[in-house]
Amino acid sequence: MLLSIIKKRLIAVSYEDKELLANTMQASEVWGERWQNNSLPMARTYMEVACRKKSLVCLAADRKTMDGLNQLLDEVGPYLAALKTHVDLIDDWSADSWKLFCDKAKEMDLLIFEDRKFADIGKISRDQMSGVYDIRSWADLVTAHMISGQDIVDGLQAGWKDVGRNGGVLLLAQMSSRGNLLSPEYTETVVKSGSIHDGVFGFIGNGSKPEDLKNLRVQVGQGKLIWTPGVNIAVGDGEMGQRYGAPDEAIHAGSDCIIVGSGIHKSENPAESASAYAEVSWSALLKRR
Ligand code: 5BU
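What counts, and where the lines are drawn
Residues numbered from 1 in each chain as written. Predicted model: local features only at pLDDT ≥ 70, side-chain atom pairs only at ≥ 80, totals over all residues. Heavy atoms only, no water. Near = heavy atom within 4 Å. Areas by Shrake-Rupley, 256 points an atom, 1.4 Å probe, with all protein chains shown as cover. Nonpolar A, V, L, I, M, F, W, Y, C, P; charged D, E, K, R; others polar. Core = buried A, V, L, I, M, F, W, Y, C linked by side-chain atoms within 4.5 Å. Buried < 20%, exposed > 50% of the residue type's maximum accessible area, 1.4 Å probe, protein only. Contact = heavy atoms within 4.5 Å. Phe/Tyr/Trp six-rings, centres within 6.5 Å; stacked < 30°, edge-to-face > 60°. Helix = DSSP H or I, 4+ residues; strand = E, 2+ residues; numbered from the N terminus. Expected span 1.5 Å × (residues − 1). Pairing = 2+ DSSP bridges.

1. Looking at the site of the ligand
The local shell around the ligand holds 16 residues, among which Asp62, Ser176, Gln242, Tyr244 and Ser262 are the closest. Out of a free accessible area of 500 Å², the ligand has 88% covered by protein chains. Its residues placed into classes, the shell around the ligand shows 7 nonpolar, 5 polar and 4 charged.

Here it is in structure tokens:
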């Protein structure tokens, strides 16, 4: 009994020490091997932002009006490291209102991630980075399927280069939705070619299944980042085939960022929920070290 009390105290002390240490520590110490093995500027920027904000949360800002998006960002921005958008689902989108929204996100020290899931050939993907939405001018990160081959990464990188910006591609190695067609063999192929490409920021892993994530981390190694949708404090099935796993389990399994949508924007108190996800994700990272 006495022994177990002492043991618990020791664990608590060492955790507080780590927390204290983290306040003064560099991102290199907090992220350890991940930092050492990843020199991509955008990946390091993310790791630094996460340390400043003490959060590994990317908000899936799935609101359909500019007012809704702005209100959400005002409420939860301080608890996030990144903001994920679907620019084509907003009913009253305009270039001016979008610019203001992105400027605000930048002032809040957030990476902007357009979850566009590009899948075309390289040259068309490059052109799709411009067009009406001009994704290349405001997004720091985008998602892509590798189904059309690895030239898609060069195409997207060329898109950023066309406007003198840097960005990173997250390749879909797994998905969180029920019945998706990304087989283990497909995942392996994506990881093999994506891992050696400088334009690849990292991979999307399935947050609803920690065992899938563990396997993915083994294949990816310690360098590239893994970001995970399908995460909610209330684990289980979501709407229309979505599935959810626990945020801390995802990070312990090797994820570096939890992508949370409805767990925050559909909550009665989005700020309270965002703060809870930030706390859980940051503590899990410190314990993982
Ligand atoms: P949710 O409300 O936390 O379920 O929202 C999840 C978000 O992550 C939503 O914007 C999806 O487009 C996105 N997502 C996903 O759920 N699963 C995936 O495999 C990928 C993206 Br890739």
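2. Here's the deal with the nonpolar core
Note on soluble globular proteins: their nonpolar side chains tend to be buried together. Core analysis: the biggest nonpolar cluster contains 86 residues, and Trp31, Tyr46, Trp98, Val142, Leu171, Phe201 and Trp227 have the highest contact counts within it. If we skip the residues at most four places from it in the chain, Tyr46 touches Trp31, Leu56, Ala81, Leu111, Phe201, Leu225, Trp227, Asp256 and Cys257.

3. Description of the packing of aromatic side chains
All chains considered together, the criterion is met by 7 aromatic pairs. For the pair Tyr46 and Trp227, a centre-to-centre distance of 4.9 Å together with 55 degrees between the ring planes defines the contact as tilted. Residue Tyr46 is located in helix 4 (residues 41-53), and its partner Trp227 is located in strand 7 (residues 225-228); the two are separated by 181 residues in the primary sequence. Taken individually, Tyr46 and Trp227 each receive the classification buried, so the pair is uniform in this respect. On the basis of an interplanar angle of 45 degrees and a centroid distance of 5.2 Å, the ring pair of Trp98 and Phe101 is categorised as tilted. Here Phe101 and Trp98 lie together in helix 6 (residues 95-107), a separation of 3 residues that amounts to about one turn. Trp98 sits in the buried class, given a relative accessible area of 2%.

4. Quick word on helix 9 (residues 184-195)
Note that an α-helix has 3.6 residues per turn; residues three or four places apart therefore point the same way. The end-to-end C-alpha distance of helix 9 is 16 Å, a good match for the 16 Å that 12 residues give at a rise of 1.5 Å each. When helix 9 is considered as a whole, its buried residues turn out to be Tyr186, Thr187, Val190, Val191, Ser193 and Gly194. At its buried positions, helix 9 is contacted by strand 5 (168-172), strand 6 (200-204) and helix 10 (210-220).

5. Side note on the pairing of strand 10 (residues 257-260)
Both faces of strand 10 are covered, namely the face carrying Cys257 and Ile259 and the face carrying Ile258 and Val260. Note: strand 1 (residues 57-60) against strand 10, 3 bridges, orientation parallel. The partner of Leu59 across the bridge, within strand 10, is Val260. Here 2 bridges tie strand 7 to strand 10, and the two strands are oriented parallel to one another. Within strand 10, the position partnered with Thr228 by the bridge is Ile258.

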